[in-house]
Amino acid sequence: METISDATKGFVDLRRHMWMAGVEMELRRLIWQIAVTGKYISAKIHDSNRKFAGFKNIYGEEQLTLDRSSDEILQSQLKFSGFVREYASEEQDSIIHIGKGSEKYFVTADPLDGSSLVDTNLAIGTIIGIHDGSILGERKSDLVAAMYITYGPLITMVYSTGKGTHEFVLNREGEYVLSEDNITLSERGSIYGLGGLRKDFTPEHLKFVEYLESEGYKLRYSGGFVPDINQVLIKKGGIFSYPALKGNPEGKLRLIFELQPMAFIMKHAGGMATNGKEDILSIKPNSLDQRSPIYIGSRFEVKKAKEFLNKS
Ligand code: F6P
Ligand code: MN
């Protein structure tokens, strides 16, 4: 790939970056279409004026929740792209056949992750997985690409097609321009973020948390999966976990929609993700809403978590 100097970074837009990286044409167009959809979702978030659940507009009409309208926007954009055979979303119970049957890609989405944070004006996001085989059942391969969009003070987009992980910022002209090429996590970081209540932690997980605290890791947790993962990625290390909890051994987060796309992105930035035993990317999901505990981030901390969880 052509070298990108610091001076030219801000002029390398998403399409050019993917072309330079040799991403095949249909996948390039699909990723670009999804990134553009992020602008429409962002416009919806603005229009909602931070009201979230089923509120009434000035005419007294019931509005769709932001999660559902983001899902509708995504579904219609993906259908329009012409490259997607099936779509599965956290907002729907079953896989939707949106193509004619010959399209190459199968897309999963968490259309608006962290939507309960909208009223507090914290960052929220969209998570996408792109497969070249069916979403459930025997897959031809793992994910071929994954991306997420962060709606924060800036709108950013991170993607990977397996050739590194890269971050783009939406500029004033409405273009996604490269802000960080080939993000690489250090072996060990200095921050951690944990979901779940401490009183519900398993003894093994609690020991791991005490280890992180004793080593001086700083707590950085917003309660939104996308910004919490984004923080570890952009700070180039550390760990995020939503663990198995007492009475809830599968944790909270969803394998297909949330965990596997983020694990793919982290892996191609030199990080790792595990459920405590198995690599998150090697788990074959049996149902759309399958959940799993997760430990994700730089290699040292993820391996350490595994050690603590498997001590007998
Ligand atoms: O999508 C689920 C989600 O909102 C994530 O963004 C976040 O990591 C998690 O739930 C937080 O859950 P809770 O506040 O219930 O622990
Ligand atoms: Mn979510």
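Residues numbered from 1 in each chain as written. Chains lettered and ligands numbered in written order. Predicted model: local features only at pLDDT ≥ 70, side-chain atom pairs only at ≥ 80, totals over all residues. Heavy atoms only, no water.

## Description of the sheet that holds strand E6 (residues 155–160)
Inference 1: Spatial strand order, E2-E1-E3-E4-E5-E6-E7-E8: 8 strands in an open sheet with mixed pairing. Only two strands of the sheet have a single neighbouring strand rather than two, namely strand E2 (96–97) and strand E8 (176–180).
Inference 2: One ladder, built from 8 bridges, connects strand E4 (residues 124–131) with strand E5 (residues 143–151); its direction is antiparallel. By the bridge assignment, Ile130 is partnered in E5 with Ala145.
Inference 3: Those strands touched by helix H4 (residues 66–81) are strand E1 (84–89), E2, strand E3 (105–113) and E4, and its axis lies near 155 degrees from that of E3. (Pairing = 2+ DSSP bridges. Helix = DSSP H or I, 4+ residues; strand = E, 2+ residues; numbered from the N terminus. Contact = heavy atoms within 4.5 Å. Axes fitted to C-alpha atoms, helices over the stretch in contact; angles between N-to-C directions.)

## A few points about the coordination of the manganese ion (ligand 2)
Inference 1: Surrounding the manganese ion (ligand 2) are the protein donor atoms Asp110 (OD), Asp113 (OD) and Glu258 (OE), which sit 2.0 to 2.2 Å from the metal.
Inference 2: Donor residues binding the manganese ion (ligand 2) come from one chain and are separated in sequence as D-x2-D-x144-E. One end of the pair, Asp110, is in strand E3; the other, Glu258, is in helix H7 (residues 255–267), with 148 residues separating them in the sequence.
Inference 3: Exposure remark for Glu258: the relative accessible area of 4% places this residue in the buried category. (Donors = N, O, S within 2.8 Å, 3.2 Å for Na, K, Ca; no water. Buried < 20%, exposed > 50% of the residue type's maximum accessible area, 1.4 Å probe, protein only.)

## So, the nonpolar core
Inference 1: One finds Leu233, Phe240, Met262 and Ile294 to be the most contacted residues of the largest nonpolar core, which totals 44 residues.
Inference 2: Take this core: its biggest share by element is 7 residues, from H7.
Inference 3: Two domains each put at least three residues into this core: domain 1 (6–180) and domain 2 (191–309). (Core = buried A, V, L, I, M, F, W, Y, C linked by side-chain atoms within 4.5 Å. Domains from an automatic or database assignment.)

## So, the site of ligand 1
Inference 1: Around ligand 1, a shell composed of Asp113, Gly114, Tyr221, Gly223, Gly224, Phe225, Tyr242, Lys252, Leu253 and Glu258 is seen.
Inference 2: Phe225 has a polar backbone atom sitting 2.8 Å from an oxygen atom of ligand 1.
Inference 3: Within the contact set of ligand 1, an oxygen atom lies 2.7 Å away from a side-chain nitrogen or oxygen of Glu258.
Inference 4: Burial of ligand 1 by the protein chains amounts to 71% of its free accessible area of 400 Å².
Inference 5: Tallied by class, the residues present in the shell around ligand 1 amount to 4 nonpolar, 3 polar and 3 charged. (Near = heavy atom within 4 Å. Polar contact = N/O pair within 3.5 Å; in protein donor to acceptor, adjacent residues only side chain to side chain. Areas by Shrake-Rupley, 256 points an atom, 1.4 Å probe, with all protein chains shown as cover. Nonpolar A, V, L, I, M, F, W, Y, C, P; charged D, E, K, R; others polar.)

## Section: the packing of aromatic side chains
Inference 1: Under the definition given, this model contains 6 aromatic pairs.
Inference 2: Relative to Phe308, the ring of Phe208 has its centre 5.9 Å away and its plane inclined at 50 degrees; by these criteria the two rings are tilted. Here Phe308 lies in helix H8 (residues 299–309) and Phe208 lies in helix H5 (residues 203–214), a separation of 100 residues in the sequence. Like Phe308, Phe208 is buried.
Inference 3: When the centroid spacing of 5.4 Å and the interplanar angle of 40 degrees are considered together, the rings of Tyr211 and Phe308 count as tilted. Note that Tyr211 is positioned in helix H5 and Phe308 in helix H8, a separation of 97 residues in sequence.
Inference 4: Grouped by ring-pair contacts, the aromatic residues Phe208, Tyr211, Tyr295 and Phe308 constitute a single cluster.
Inference 5: For the cation-ring pair, Lys311 lies above Phe308, with the distance from its terminal atom to the ring centre recorded as 4.1 Å. (Phe/Tyr/Trp six-rings, centres within 6.5 Å; stacked < 30°, edge-to-face > 60°. Lys NZ or Arg CZ within 6 Å of the ring centre and 35° of its normal.)

## Here's the deal with the packing of H5 against H8
Inference 1: Where H5 contacts H8, the two axes come as close as 8 Å, and the packing angle between them is 140 degrees. Taken together, H5 and H8 sit at an angle that is classed as oblique. With respect to the hand of their crossing, H5 and H8 are arranged in right-handed fashion. Together, Glu204, His205, Lys207, Phe208, Tyr211 and Leu212 of H5 and Phe300, Glu301, Lys304, Ala305, Phe308 and Leu309 of H8 make up the contact between the two elements.
Inference 2: Tallied by class, residues from the contact of H5 with H8 come to 7 nonpolar, 1 polar and 4 charged. (Parallel < 35°, antiparallel > 145°, perpendicular 65-115°, else oblique. Left-handed = near helix turned anticlockwise from the far one by under 90°.)

## Brief notes about the domain arrangement of the chain
Inference 1: Annotation of the chain at the domain level lists domain 1 (6–180) and domain 2 (191–309).
Inference 2: Placing a centre on the C-alpha atoms of domain 1 and another on those of domain 2 gives a separation of 22 Å.
Inference 3: The interface of domain 1 with domain 2 comprises 39 residues on the first partner and 27 residues on the second.
Inference 4: At the boundary of domain 1 with domain 2, total buried surface from both sides reaches about 2600 Å², with 66% on carbon and sulfur atoms.
Inference 5: Our count for the domain 1 to domain 2 interface comes out at 2 salt bridges.
Inference 6: Arg254 is the partner of Glu90 in a salt bridge, and the nearest nitrogen-oxygen pair spans 3.7 Å.
Inference 7: Across the contact surface, domain 1 and domain 2 share 6 residue pairs in polar contact (both at pLDDT 80 or more).
Inference 8: Only E1, E3, E4, E5, E6 and strand E7 (165–170) provide two or more residues apiece to the side of domain 1 that touches domain 2.
Inference 9: Counting residues per element, the side of domain 1 that touches domain 2 draws most heavily on E5, which supplies 8 residues. (Buried area = accessible area lost by both parts, 1.4 Å probe. Salt bridge = Lys/Arg side-chain N within 4 Å of Asp/Glu carboxyl O.)

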